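# Geometric and topological summary
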Amino acid sequence: MKRCCRFGSLLVLVWCSFHGGHVAAQSRDGTPHRDAESRDGMVVAVSPDAAAVGAEILGHGGTAVDSAIATAFALAVTHPAAGNIGGGGFMLVHPGDGSPAVVIDYREKAPLAATRTMFVDNNDARTHPYVGVPGTVRGLKLAHELYGSLPWSDLVEPAVALARNGFTLHEGLAGDLNRQLSRSSNDEFRRVYGKPDGTPWVAGDRMVLSDLAATLQRIAENGPAGFYAGETAELITAEMQAGGGLISAEDLLRYRARIRAPIRSRFRGYEVLGPPPPSSGGITLAQMLGIAAQFDLRRWGRWSVQTNHVMIEAMRRAYANRAMYLGDPDFVTIPRHLASGDFAKYMAGTIDLDRATPSARLGPPVTEPAESPQTTHFSVIDRDGMAVSNTYTLEASYGSGIVVRGAGFLLNNEMGDFNRRPGVTNTQGSIGTAANEVRPEKRMLSSMTPTIVLKDGKPYLVTGSPGGRTIINTVFCVTLNVLEFGMTARQAVDAPRTDHEWFPDRVRFMGADDPEHAEMVEQLQRLGHAVVDTNSQGDANTILVSDGRFIGAADYRFGAAVAATGSDQ
Ligand code: DON
């Protein structure tokens, strides 16, 4: 089985075996490679096809950023639940040449016509007003201008080919599409993503996305102008007008991705880099690690009640601050002390080791709106030590469910990440704090937490996850597993995860029903924690660097894959 792809006049064999020394993201029987080692570069992503595209770019001398761009465009084809050109995200880049790491903020923005109260009477997140101005194409182009080496069109072409020639559906995607199709009321979604003969998709079917291929081709040829202007922009604005959405031609033309400095914190001598606002991820993770650093968790052990109590109390405190203070820094002043070591020490001092702190004691009861667990994270590293940690999303699974007529791609529903009912903060699902209210051209608060941990200034751990607000806790768990408990990449990714978000005042623990953890869960309950089981949390596609070797661990939870380039020695 082989698939070919053009790079100038060079035809590149993608589908050779990993042990043959090049690129493969899955075995011949279709099982994704979940682990790989390489000294030459690697991509860990949810879709085997997309991971293979990214690794192929590395194999042709592309930088980690080139590879990330190609992976992101390929995911927009092969992982429609979250891969996107109609959404937004955050890319953290450690350039590896001594220059400082940067975050490329390509978060969506509210349209110019947005108003503070626009969602008070509209709870339907699958409607056009929920669509934010997409940021992905501008974000990827900015990344390319800063750190790319291969021509832009070479990075988009593999996605064009996947969409035009088709790709093979695996069982999970076939089932997911069938579920979406059965509940979709969007005619264009059903036309574009439905099986042409009207029967349900089954594993092994080939999906061709012709309109998407044409849109991607315009992006390949014209860069952002192929999306934010010309035919694609006209199709987006026509879609908005037909569905009562707010995005105008001016909104599209005005959208810019931003370069931001990462949040930097230290944990046991490692430096931890994460995204700044408008993502809450970096500051919240820094607080949790800062609190954890005040205790000797290693001595207590990963599955002791003390460790888990401290982790939960750290989450509770950091998430309370998240809800109260964080929003788009162009619109709100973020207190400077939040990510400081002194503040973490202060918060650690408020933890009672013998008792859970009732969340209400940290502020008025708040239950934030539910967030769907779809988004996707991928990690990339190249042989020169450039590392990319990228999380991007359509918000809900398949976003708004709206496909732009004639353009073949899904639109986000990211406006739902704003506090939708100003001043209304209650236990039934509203949070109305001011920092994250809707304003024209404001970016909505995110939890996406692409993370890079440096050891002696070099990438040591590259990780991140989907999962709405659970994202930051997933990254906290994986990071602690490696940095504090010395787990391997595989162990750190596989370990059960914990989630507490201040409100609701309860702990979700993936291993709560597992006899192995029964005693610890019982002890947590005795301390006053309400612990419930959760089936799954996150999809942390991770790379660990050990003695110059890149060790990729794809998360088993969503069937992710590792593709490496070069040898596995
Ligand atoms: O930006 C955010 O935090 C959310 N819109 C991400 C949504 C998400 O992760 C859903 N699930 N994975």
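Note that the coordinates shown come from a computational prediction; the quantities given were computed from them, not determined experimentally.

## Quick look at the UniProt feature "active site" (unreviewed entry) in the protein chain
Here the UniProt feature "active site" (unreviewed entry) sits at Thr375. Tracing the backbone shows Thr375 in the loop between helix H14 (341-349) and strand S12 (376-382). Once you skip the residues sitting within four places of it in the chain, Thr375 turns out to touch Ala82, Thr391, Tyr392, Thr393, Glu395, Met448, Pro466 and Gly467. For Thr375, the side chain forms a polar contact with the side chain of Thr393, separated by 2.6 Å.

## Here's the deal with the side chain of Glu441
Structurally, Glu441 is set in the loop between strand S13 (387-393) and strand S14 (451-455). Classification of Glu441 by relative accessible area gives buried; the value is 18%. Of note is the side chain of Glu441, whose polar atom sits 2.7 Å from the side chain of Arg254. The contacts of Glu441, once residues within four sequence positions are left out, are Lys109, Ala110, Pro111, Leu112, Arg254, Asp328 and Phe331.

## Brief notes about the UniProt feature "binding site: L-glutamate" (unreviewed entry) in the protein chain
Under the feature "binding site: L-glutamate" (unreviewed entry), the UniProt entry names Arg107, Asp417, Ser446, Ser447 and Gly468. In three dimensions, the annotated residues from a span of 362 residues occupy one location, with a maximal C-alpha spread of 14.3 Å. Classification of Arg107 as buried rests on a relative accessible area of 0%. Among residues more than four places away in sequence, those in contact with Arg107 are Gly89, Phe90, Tyr255, Pro278, Thr393, Glu414, Asp417, Arg443, Met444, Leu445, Ser446 and Met448. The topology assignment puts Asp417 in the loop between S13 and S14. Given a relative accessible area of 10%, Asp417 falls into the buried group.

## Regarding the nonpolar core
Residues Phe73, Ile85, Tyr193 and Leu216 are the most contacted members of the largest nonpolar core, which totals 87 residues. A total of eleven residues in this core trace back to one element, the largest contributor, which is helix H2 (residues 64-78). Leaving out residues up to four positions away in the same chain, Tyr193 has contacts with Pro80, Leu177, Leu181, Trp201, Met207, Leu209, Val403, Gly408 and Leu410. Leu92, Val103, Ala320 and Ala348 belong to the second largest nonpolar core, which has 77 residues in total.

About the thresholds
Residues numbered from 1 in each chain as written. Predicted model: local features only at pLDDT ≥ 70, side-chain atom pairs only at ≥ 80, totals over all residues. Heavy atoms only, no water. UniProt positions renumbered as here; feature names shortened; annotations may be inferred. Helix = DSSP H or I, 4+ residues; strand = E, 2+ residues; numbered from the N terminus. Contact = heavy atoms within 4.5 Å. Polar contact = N/O pair within 3.5 Å; in protein donor to acceptor, adjacent residues only side chain to side chain. Buried < 20%, exposed > 50% of the residue type's maximum accessible area, 1.4 Å probe, protein only. Core = buried A, V, L, I, M, F, W, Y, C linked by side-chain atoms within 4.5 Å.

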